[in-house]
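So the chains spell out like this:
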Amino acid sequence: MNKASMRTLIIYILAVVILGITLFPILWVVLSSLKPEGEILSTHITFIPQRITLANYKELFTHFQFQKYLMNSVIIAVTTTILSVIFGVLAAYGFSRFSFPLSSKILFLIILVKVFTPAALVVPLYDLMSWLNLTDTLIAIIVGVTVMNLPFVIYMMKTFFDDFPKELEEAAMVDGMTPLCTLVSIVIPISMSSIVTVALFCFSAGWSDFLFSLSFSQTIKSMPATVAIANMDTGYKVYWGAMMSGGTFLSVPILIIAFAFQKYFVRGISAGALKQ
């Protein structure tokens, strides 16, 4: 076996190992959700369920009313994605195409927000939401997640717009298009792969958010699925079966969306990595 073949074999082996390490927790959660409670708590650990049951899912949706929390998670994820993409793309295009006083410093301050951990923003945002009487609402959580998403979207899309062929925009403007019309009609359709990529990251952040949700939600009307699962540890009893079932419902949609939009994700990453 020559060196090239050996190198390829090593790469494949490493890829399989990394894939196994990544998928193992997900498979463990999914398979554990199908186990009876006695098997989950048994000291004899089993990977494959000895007896498959859907009792945990029944308990999840009857006893814990998980569908209400899932709906809150959907609202948070979809809304934060829409807001982050719309305002992020507009801001990124503005920073890329227009020069105005202190533009570089303003951009630096926006991106600097991403450097801070979300925990550093919880207290000031909580004070602001309390002053606006928006605590225990979905709006408070949406604002928190969007604040963390925007710097990422602006930075990624500005990098893409900086390398976007300006000749296409100049030709459109010669035909009488305004900058906004050029963005909507020319730039966005061509940039769709990159936009879908950042949208997937934003959706994932909103879907899996825990810190802002835990800090701002107090009742079922604003509590998403992530916090609901954490509350299944009551301090007196841990509902492991329901927690595993809830974890499955949180993990599977992200995997489905990632596979469904895989080609856009790859194109978006490639477009961001390569110079025009």
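If you're wondering where the values come from, they're calculated on a predicted model, not measured in any experiment.

Reading the values: the criteria
- Residues numbered from 1 in each chain as written.
- Predicted model: local features only at pLDDT ≥ 70, side-chain atom pairs only at ≥ 80, totals over all residues.
- Heavy atoms only, no water.
- Helix = DSSP H or I, 4+ residues; strand = E, 2+ residues; numbered from the N terminus.
- Buried < 20%, exposed > 50% of the residue type's maximum accessible area, 1.4 Å probe, protein only.
- Contact = heavy atoms within 4.5 Å.
- Areas by Shrake-Rupley, 256 points an atom, 1.4 Å probe, with all protein chains shown as cover.
- Lys, Arg positive; Asp, Glu negative; His and termini not counted.
- Charge placed at Lys NZ, Arg CZ, Asp CG, Glu CD.
- Core = buried A, V, L, I, M, F, W, Y, C linked by side-chain atoms within 4.5 Å.
- Phe/Tyr/Trp six-rings, centres within 6.5 Å; stacked < 30°, edge-to-face > 60°.
- Lys NZ or Arg CZ within 6 Å of the ring centre and 35° of its normal.
- Axes fitted to C-alpha atoms, helices over the stretch in contact; angles between N-to-C directions.
- Parallel < 35°, antiparallel > 145°, perpendicular 65-115°, else oblique.
- Nonpolar A, V, L, I, M, F, W, Y, C, P; charged D, E, K, R; others polar.
- pLDDT = per-residue confidence, 0-100.
- Expected span 1.5 Å × (residues − 1).
- Bend = angle between axes of the 7 residues up to and from the residue.
- Patch = residues over 30% accessible without salt bridge, like charges linked within 9 Å, V, L, I, M, F, W, Y side chains within 5 Å.
- Salt bridge = Lys/Arg side-chain N within 4 Å of Asp/Glu carboxyl O.

A. Region of interest: the overall build of the chain. Counting secondary structure elements, the chain contains 14 helices and 0 strands. Scanning the chain from its N terminus toward the C terminus, one meets helices and strands in the order α-α-α-α-α-α-α-α-α-α-α-α-α-α. The principal-axis extent of the C-alpha atoms belonging to the chain is close to 70 × 70 × 30 Å. The buried share of the chain, taken over its 276 residues, is 37%. Excluding contacts between residues fewer than 6 apart, the proportion of contacts in the chain whose partners are at least 24 apart in sequence is 72%. About 16000 Å² of surface is accessible on the chain, with carbon and sulfur atoms providing 72% of the total. When the 16 positive and 13 negative side-chain charges of the chain are each reduced to one mean point, those points stand 7 Å apart.

B. How the structure looks around the nonpolar core. Residues Phe 66, Tyr 69, Trp 207, Ala 225, Ile 229, Met 232 and Ala 242 are the most contacted members of the largest nonpolar core, which totals 18 residues. Looking at this core, the elements with two or more residues in it are helix H4 (66-97), helix H10 (192-208), helix H12 (225-230) and helix H13 (240-260). Apart from the residues lying within four places of it in its own chain, the contact partners of Phe 66 are Leu 60, Phe 61, Ala 225, Ala 228, Ile 229, Met 232, Gly 246 and Phe 249. Counting 15 residues, the second largest nonpolar core, distinct from the first, contains Val 85, Phe 161, Phe 164 and Ile 195.

C. The packing of aromatic side chains, seen in detail. One pass over the full model with this rule turns up 11 aromatic pairs. Their ring planes at 15° and their centres at 6.0 Å tell us that Tyr 126 and Phe 216 sit as a pair that is stacked. Taken together, the positions of Tyr 126 in helix H6 (residues 118-131) and Phe 216 in helix H11 (residues 211-216) put the pair 90 residues apart, joining distant regions of the chain. Accessibility expressed as a relative area gives 0% for Phe 216, which makes it buried. Here the guanidinium or amino end of Lys 35 rests over the ring plane of Trp 28, the centre of that ring lying 4.6 Å away.

D. Representation of the packing of H4 against helix H9 (residues 179-190) in the model. Relative orientation of the contacting elements H4 and H9 amounts to 110°, with a least axis distance of 12 Å. By the angle between their axes, H4 is roughly perpendicular relative to H9. Residues Val 89, Leu 90 and Tyr 93 of H4 pack against Pro 179, Leu 180, Thr 182, Leu 183, Val 187 and Ile 188 of H9. Looking at the contact of H4 with H9 residue by residue, the classes come out as 8 nonpolar, 1 polar and no charged.

E. Layout of the side chain of Thr 146. The topology assignment puts Thr 146 in helix H7 (residues 138-162). Exposure remark for Thr 146: the relative accessible area of 9% places this residue in the buried category. Discounting residues that sit within four places of it in the chain, Thr 146 has contacts with Thr 80, Leu 83 and Ser 84.

F. Spatial organisation of the environment of Ile 188. Take Ile 188: it is sitting in helix H9. Placed 27 residues apart in sequence, Ile 188 and Phe 161 show a C-alpha to C-alpha distance of 9.9 Å. With residues up to four places along the chain from it excluded, the contact list for Ile 188 reads Val 89, Leu 183 and Ile 195.

G. View of the confidence of the model for the chain. Taken as a whole, the chain shows an average pLDDT of 84; of its residues, 94% reach a score of 70 or greater. Mean pLDDT across the elements of the chain bottoms out in helix H14 (residues 262-273) (58) and peaks in H4 (91). Long-range and interchain partners of residues 272-276, a stretch whose pLDDT sits below 50, account for 5 contacts in this model, where long-range means more than four residues apart.

H. Fine view of H6. Between the first and last C-alpha of H6 there are 20 Å, a value that for 14 residues agrees with the 20 Å anticipated at 1.5 Å per step. The largest bend in H6 amounts to roughly 25° and is located at Pro 124. Taken as a whole, H6 has its buried residues at Leu 121, Val 122, Leu 125 and Met 129. Trailing H6 by a residue or two, Asn 133 shows a phi angle of about 60°, which is positive.

I. How the structure looks around unusual backbone geometry. The backbone phi angle of Asn 133 is positive, close to 60°, even though this residue is not glycine. Its place among the elements puts Asn 133 in the loop between H6 and H7. Overall, Asn 133 belongs to the exposed group, its relative accessible area being 64%. For Asp 136, which is not a glycine, the phi torsion comes out positive at approximately 60°. Looking at the secondary structure, you find Asp 136 in the loop between H6 and H7.

J. Local environment of a nonpolar patch on the surface. Together, Met 71, Val 74, Ile 75, Val 78, Ile 82, Ile 86, Phe 87, Leu 90, Leu 180 and Val 184 line one region of the surface with nonpolar side chains, adding up to about 870 Å² of accessible area. Secondary structure elements with two or more residues in the nonpolar patch: H4 and H9. No other element matches the 8 residues that H4 contributes to the nonpolar patch. Given the relative accessible area of 52%, Leu 180 is considered exposed.

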